[in-house]
Amino acid sequence: MADATLGSAVGSDEPSAKAKRFRSDHKAGQDGEGRTDRNILAAFKTTTVLRDSALEKTIFIHGKLADREAVVILEKTPIREDTLAEMLSGAKLKLEMQNDIYSTYQLQPPAHLNEMKTTVICPATEKHVKKYQIQESFLVEESGEDYLSITLPYIQEQSFSVQWVHNILEKKAEVERIVYEDPDPGVGFVLLPDFKWDQKQLDDLYLIAIVHQRDIKSLRDLTADHLPLLQNISRKGMEAILQRYGLPASKLRVYLHYQPSYYHLHIHFTALAFDVRGCSVERAHLLADVIQNLQSDPGFYKTRTLCFPLRADDGLLSKFKKAGKL
Ligand code: M7G
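This one's a predicted model, so the numbers in the text were calculated from it and none came from an experiment.

Conventions we followed
Residues numbered from 1 in each chain as written. Predicted model: local features only at pLDDT ≥ 70, side-chain atom pairs only at ≥ 80, totals over all residues. Heavy atoms only, no water. Phe/Tyr/Trp six-rings, centres within 6.5 Å; stacked < 30°, edge-to-face > 60°. Helix = DSSP H or I, 4+ residues; strand = E, 2+ residues; numbered from the N terminus. Buried < 20%, exposed > 50% of the residue type's maximum accessible area, 1.4 Å probe, protein only. Lys NZ or Arg CZ within 6 Å of the ring centre and 35° of its normal. Salt bridge = Lys/Arg side-chain N within 4 Å of Asp/Glu carboxyl O.

**Here's the deal with the packing of aromatic side chains**
What describes a pair of aromatic rings is the distance from one ring centre to the other and the angle between the planes of the rings.
Consideration 1: Considering all chains together, one arrives at 8 aromatic pairs under this definition.
Consideration 2: Pairing Phe60 with Tyr132 gives two aromatic rings, centres 5.3 Å apart and planes at 20°, and the pair type is stacked. Residue Phe60 is found in strand E2 (residues 58–65), and its partner Tyr132 is found in the loop between helix H3 (126–131) and strand E7 (137–142); the two are separated by 72 residues along the sequence. Assigned by exposure class, Phe60 and Tyr132 land together as buried.
Consideration 3: Three or more aromatic residues joined by ring pairs make a cluster, and in this case those are Phe160, Trp164 and Tyr262.
Consideration 4: Cation over ring: Arg51 sits above Phe60, and NZ or CZ is 4.1 Å from the ring centre.
Consideration 5: A cation sits over an aromatic face here: Lys127 above Phe160, 5.3 Å from the ring centre.

Rendered as structure tokens:
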């Protein structure tokens, strides 16, 4: 069993106090002396910018890395309160304008406080490229029958590989990132940081709980038989997050996506104050609601019509259109 003792944050239970002290325990590629990994991105050749968000301070780029298709995501990370003093005292400052009591500057922080979170997907499939491209979306209503006749056959042949999930469950990847594990094959799961979270501050806390059972694709497969699993994830996942990060359940948004991108059941745990992409009502289903729905109707997710958005270029959307459902 992985680290179930947790406890890197000690002392006061007040979340913001812990947030100030919180640091990532794991820095792959960079040790305490600031050693860095070989820059594989030096050879990256941009083909096209898929999306560029000034608000999210993120750019999604499609290109080639040594002749292989790649998607690279660059994201400016939040400014951390605990590094402010060092950032300000060590910065280079260039005045841009001054007017009465107002002035603006270009501030260059010390390099180690000016990192950019970078995600590389290589080799990337066409589906990865589409996932990050700006696209118009359409809301689809999927009945239980539509799921069986349209969606299920489609996801059986078209969905993303879940090799990365199996690697986590089999301890072939991200082993040192595991925050908590319940190894039980029936109700067990692995809780670890989502790769969208750089673990440097709690404002954008994002973890995922991946179930050990391999035959649950999504919300649609859940029945009352899975209640012990869901309740176990809810209780132990929240306990682990409280112990490790000092964030109580009342500060967390715990939910499932429908449709997910990866069809191996996993639950998202995000900071409540974090207005994260994918937490809107048309895609996120609160775990607490899912549990209650299954308690009142064991077959709720087999029979209910579920709504979700699909992008214009999504093959599943064409299937719904072809079936006259849109
Ligand atoms: P989803 O609801 O299937 O799809 O969630 P989404 O990506 O459209 O939200 C899968 C979650 O797993 C997302 O939050 C991803 O950021 C996260 N994720 C994806 N990959 C490939 C990895 C990975 O390799 N490691 C980790 N730790 N998280 C990942």
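That shown, we press on.
**Overview of the pattern of salt bridges**
Consideration 1: Tallied over the full model, the rule gives 15 salt bridges.
Consideration 2: Across the salt bridge formed by Glu239 and Arg235, the nearest N and O atoms sit 3.5 Å from each other. Taken together, the residues span about one helical turn, with Glu239 and Arg235 both in helix H6 (residues 227–245) at a distance of 4 residues.
Consideration 3: Under the relative-accessibility criterion, Glu239 is labelled partly exposed at 43%.
Consideration 4: Judged by its relative accessible area of 47%, Arg235 falls in the partly exposed class.
Consideration 5: Here the salt bridges do not stand alone but share partners, grouping Glu170, Lys172 and Arg214 into one network.

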